[in-house]
Amino acid sequence: MPADNVLTLRNITKSFFGAQVLHGIDLAVRRGEVLGLVGENGAGKSTLMNVLGGVVPRDGGSIELKGSAFEPTSPRDALKAGIAFIHQELSLFSNLTVAENIFIDELPTGPLWSVQYEQMRAKAQEYIGAFGVEASPVTKIGSLPMGVRQTVEITKAVIKNAEIIIFDEPTTSLSQKEKESLFKLIERLHHEYGITIIYISHILEDVFALCDRIAVLRDGHLVGVDETGRLDKPAVIRMMVGRDLSQVYPKVEKTVGDVVYEARNVVQGRAVQGVSLELRTGEIVGLFGLMGAGRTELVRCLFGVDRMDSGEITFRGRRLRSITPEACIRQGMAFVTEDRRQEGLFMPKPVKDNLVAVGLRHMTGLLGMVKRPQESAEAAKAVGNLGIRVQDPERQQAKSLSGGNQQKVVLGKWISQQPTMFILDEPTRGVDVGAKHEIYEIINGMAKRGATVLFVSSEMEELMGVCDRILVMHRGQIIGSLERSEYHQERIMSLALGGRGR
Amino acid sequence: METMTAKTSTLGRLRRFALSESILLLLLLMFGGAALFAPGFLSLFNIKNLLLQSVDIMVVSVGMTFVLLNGGIDFSCVAVLALGSVFGAWTMADSPLAHTPMAIPAGILVMVGIGLLVGAINGLSVVVLKMPSFIATLATMMVGSGVAVWFASLVAEKASIIGLPESFFILGGDQGILLPVAIVLVLALLAHWLLSTTLFGRWVYAVGTNPRAAFVSGMPVKRTVFLLMVLSGVFAGIQSVLATARNQAGIPSLGDRVFIDIVASIIIGGTSVFGGSGSVIKTVYGVLFITLLNNVVNLLGIEWYVISLIKGILVLTAAFIDVFSKRVDLVQR
């Protein structure tokens, strides 16, 4: 039924730096349907949609939109053709008002190019009313909660006569309530306006609740697409992962020893409200929580990246008096930041420089001169040990590597210090499945040698697969600690939502 | 990834060379052109003059390169030149130490000390008060220049302080240009060594590239930034010694004319205004180039406004190359 298809992708391919991300994707989207697009991080979902939206050029294949060839070269082209994007990070201007944001690319103007604010507000008000945006047209975006901002963005798409709206992980920064109202809105777009929806997410519950059909991507291949009614969760997971969980999460023999790390009553602003925890040698402890629970804020305090208001830390029997990254490193601690781009790597610098960033101070000789042979040798060793795929670590810039290899560089600069306490904040974010597996093995290897690992992640499965124990945070406090035998997805989630965990 | 780098390696290396060494090519071209077309360019007198003119801004430019490597700027070098000159000259000519054997060492100490002090104030403003170096050094420049003019008017009848010991003038090339040129060369080499081989140098580049990543990696970010500001001040102080000796007087307006040339030298040399990339060698080339430009324009009898125009265009071009190379990287991401 070709007439039924509003959008047809044929044999789409795309590579970044020689690594193929999309291997000939064929996908037809039916007019007026809600199509779920699922897959692990790095499966190619976002790349595929970026190709469609004109954000990145495709290498090969063709796109047919409403019966004619579609060659988007910029996001503007896509919008003109009726394709709107609702991104993970919203693309609104927080210093402008709701109305200004809605009309930002075509502000209605009158004589002398003056902006017709009255007209704009009136028109914005009309749509705001229809979509139940809980804000006036003159409110500044910056003062609105995330959920409302998203509704503004959707309103903008509808005003632009979008026929296809792509949602890319729209629920990551929403509360449960906001999420529910988003889903109601999507239903309305679908039923009342006849808009075709492509919904990208890795939260399968949402996809099953919302979508007519589900397409599964894995490692750049479309591994299946079918009616939601004919699929179930285990089947989709199997398609997404392509192997059993035991293969994804390696097992090791290791021994958990005595308590070496103790934090008492750590407080920072409203994000961390009196957290205490005890960690043992050789132990991998997961830290789970929803967006805004305070996980990242907590671990940043523990390593001194952000200053804690109060609290004390005892490590290897001694109370730490100064808590700065420099002091923590001297104590044998390491910290893999969540923000690889801004805090983890020196992107324009060679891989080698990044790999020795922490250890450099121990590679100096006379007059503080850096011993270059030692530097190169250490970098080469890390490249070998971690299997970092790089041609010339001395010259190749860190930013030229794929996400997984970049992350291995970050791990590498710490591991060469043989840390005894390892704090990891979302170490597998934006990393493909294969590299994830390797990162888990690295973490296991650290623990096997007796290091303590504190592992922050928003992927519950990952924590259940790797950790000996999971701590759950809610509103700045740790409200639960589960041993491996007590692991249960729903239980962890209900704790994270502030419940008792049954 | 493998194929990409293989394909672009020869071409990329050529392009990288042309981009990174464009200043050297430009310098050689300029020199060749001047030798052919500018009358009297290759005369001994002119070459001497050329070298002395490059000495005039070399040390301070090398010093400010440290600050630019951190993505900052140091306006206060203008004030250090002026302050050092008037206080140093006063120490040597009119202070209780004048006409004693200690006059010259004390004068030099005062000049370099003023650089250290101003640099330390800048450093504290940037590191502790978290001010942008742009504002912090603009303030010290304004205050310092004011103080210099005030002090000169207080102790000297005309604007400049004269009566300095004659033996001090050898630092200005009075007895031949070898000494000042050698001093400048040693300082430039020292700065180059510091940046390219020591741990401190690595920290400078890391902090200039990404201060947050440097902090998380346990590098002493604040200390590094502070030291950069101090180094810039000290180098300006040393420049003030050389300039005072060459002018044979303490002059409060010493830095007024040279600031534009200092910044132009560094930027045309190819040090990035965003921090994290650049080198002392580049600045040395930049200084030689700017001096050559001034000299040739002078020899050819071209009006002065033309040179300002040419410099402006060159700075813009250098800045464009800087931004462009960064943008290319962004797209390749």
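Residues numbered from 1 in each chain as written. Chains lettered and ligands numbered in written order. Predicted model: local features only at pLDDT ≥ 70, side-chain atom pairs only at ≥ 80, totals over all residues.

*Asks:* Please clarify how the overall build of chain A should be interpreted in this entry.
*Replies:* Helix and strand counts for chain A come out as 18 helices and 20 strands. What you see for chain A is a C-alpha radius of gyration of 25 Å, in line with the 23 Å of a compact globule of 502 residues. Seen through its principal axes, chain A has C-alpha atoms that stretch 70 × 55 × 45 Å. Counting over 502 residues, chain A shows a buried share of 44%. For chain A, contacts bridging at least 24 residues in sequence account for 67% of all contacts bridging at least 6. (Helix = DSSP H or I, 4+ residues; strand = E, 2+ residues; numbered from the N terminus. Rg over C-alpha atoms; globule rule 2.2 N^0.38 Å. Buried ≥ 20, exposed ≤ 12 C-beta atoms within 10 Å, placed from the backbone. Contact = placed C-beta atoms within 7 Å.)

*Asks:* Can you help me understand the overall build of chain B in this one?
*Replies:* For chain B, the count of helices and strands is 13 helices and 0 strands. Helices and strands in chain B line up, N terminus first, as α-α-α-α-α-α-α-α-α-α-α-α-α. Over its C-alpha trace chain B gives a radius of gyration of 21 Å, about what one expects of a compact globule, namely 20 Å for 333 residues. Taken over 333 residues, chain B has a buried fraction of 48%. Counting contacts in chain B only where the partners sit at least 6 residues apart, residues at least 24 apart contribute 78% of the total.

*Asks:* Is there a simple way to think about the packing of helix 8 (residues 199–209) of chain B against helix 10 (residues 221–247) of chain B in this case?
*Replies:* Helix-helix packing: each pair is described by the crossing angle between the helix axes and the interaxial distance. Residues and elements named next belong to chain B. As a packed pair, helix 8 and helix 10 sit with axes 10 Å apart at the nearest point and diverge in direction by 105°. Classified by the angle between their axes, helix 8 and helix 10 sit roughly perpendicular to one another. When helix 8 is examined against helix 10, the residues Trp203, Val204 and Val207 are found in contact with a partner set consisting of Val221, Thr224, Val225 and Leu228. Of the residues contributing to the contact of helix 8 with helix 10, the split by class is 6 nonpolar, 1 polar and no charged. (Axes fitted to C-alpha atoms, helices over the stretch in contact; angles between N-to-C directions. Parallel < 35°, antiparallel > 145°, perpendicular 65-115°, else oblique. Nonpolar A, V, L, I, M, F, W, Y, C, P; charged D, E, K, R; others polar.)

*Asks:* How should the sheet that holds strand 11 (residues 259–268) of chain A be read in this particular structure?
*Replies:* Each strand in a sheet pairs with another by means of backbone hydrogen bonds, the pair being arranged parallel or else antiparallel. All names here are of chain A. One open sheet accounts for 4 strands, arranged 12-11-14-15; its pairing is antiparallel. Of all the strands in the sheet, just strand 12 (272–280) and strand 15 (318–319) have a single pairing partner and so form its edges. By the bridge criterion, 7 bridges tie strand 11 to strand 12 in an arrangement that is antiparallel. Directly across from Glu262, in strand 12, lies its bridge partner Glu278. (Pairing = 2+ DSSP bridges.)

*Asks:* Could you clarify how one ought to interpret the domain arrangement of chain A in this entry?
*Replies:* A common way to report how large an interface is uses the accessible area buried once the components associate. Here chain A is described as being made up of domain 1 (2–243), domain 2 (244–332 + 420–502) and domain 3 (342–418). The straight-line distance from the C-alpha centre of domain 1 of chain A to that of domain 2 of chain A is 34 Å. (Domains from an automatic or database assignment.)

*Asks:* So what exactly am I meant to see when it comes to the interface of chain A and chain B here?
*Replies:* With 30 residues of chain A at the contact, the number on the chain B side is 23 residues. Per-class residue counts for the side of chain A that touches chain B are 15 nonpolar, 8 polar and 7 charged.

*Asks:* Where do I start with the pairing of strand 10 (residues 221–227) of chain A in this structure?
*Replies:* Every regular strand shows the same layout, with side chains that alternate between the two sheet faces. Bridging between strand 9 (residues 213–218) of chain A and strand 10 of chain A involves 6 bridges; their strand directions are antiparallel. Bridge assignment links Val216 of chain A to a residue of strand 10 of chain A, and that residue is Gly224 of chain A.

*Asks:* What's the story with the environment of Ile104 of chain B in this structure? I'm lost.
*Replies:* All names here are of chain B. Looking at where Ile104 falls in the secondary structure, it is placed in helix 5 (residues 103–127). Note on Ile104: 20 C-beta atoms within 10 Å, which makes it buried. Considered as a pair, Ile104 and Val287 are 183 residues apart in the sequence and their alpha carbons are 28 Å apart. Look past the residues within four positions of Ile104 in its chain and what remains in contact with it is Met92, Pro165, Ser167 and Phe168.

*Asks:* Help me out: how do you make sense of the environment of Arg361 of chain A in this one?
*Replies:* Residues and elements named next belong to chain A. On the secondary structure map, Arg361 appears in the loop between helix 13 (351–355) and helix 14 (372–386). Note on Arg361: 18 C-beta atoms within 10 Å, which makes it partly exposed. Distance in space between the C-alpha atoms of Arg361 and Phe303 is 19 Å, their sequence separation being 58 residues.

*Asks:* Help me understand the nonpolar core, please; the structure alone is not making it clear to me.
*Replies:* The nonpolar side chains of a soluble globular protein tend to be buried with one another. With 178 residues, the main nonpolar core has Ile423, Ile443, Val453 and Phe455 of chain A as its most contacted residues. Looking at this core element by element, the count peaks at 15 residues for helix 10 of chain B. Two domains each donate at least three residues to this core, and these are domain 2 (244–332 + 420–502) and domain 3 (342–418) of chain A. Every residue in contact with Ile443 of chain A, bar those within four places of it in the chain, is listed here: Ile284, Val453, Phe455 and Val466 of chain A. Ranked by size, the runner-up nonpolar core spans 50 residues in total, among them Ile25, Val38, Met49 and Val216 of chain A. (Core = buried A, V, L, I, M, F, W, Y, C linked by C-beta atoms within 7 Å.)

*Asks:* When you look at the environment of Ser145 of chain B in this model, what are you seeing that I'm missing?
*Replies:* Residue and element names in this part refer to chain B. Residue placement: Ser145 occurs in helix 6 (residues 133–155). Sequence separation between Ser145 and Cys77 is 68 residues; the distance between their C-alpha atoms is 10.0 Å. Ignoring anything within four residues of it in the chain, the contact list for Ser145 reads Val78, Ala79 and Ala82.

*Asks:* Explain the sheet that holds strand 6 (residues 83–86) of chain A to me, please; I cannot follow it from the model alone.
*Replies:* Residues and elements named next belong to chain A. Spatial ordering of the open sheet is given by 6-7-8-3-9-10, a layout of 6 strands whose pairing is mixed. The two strands at the open ends of the sheet, each matched to only one other strand, are strand 6 and strand 10. The sheet shows a mean angle of 20° between the axes of neighbouring strands, direction not considered. Relative to strand 7 (residues 164–168), strand 6 runs parallel, the two sharing 4 bridges. Across the sheet, Ala84 pairs through a bridge with Ile165, a residue of strand 7. Relative to the sheet, helix 1 (residues 45–52) contacts strand 3 (34–38), strand 6, strand 7, strand 8 (196–200) and strand 9, its axis offset from that of strand 7 by approximately 150°. Running at roughly 30° to strand 9, helix 8 (residues 233–241) makes contact with strand 3, strand 9 and strand 10 of the sheet.

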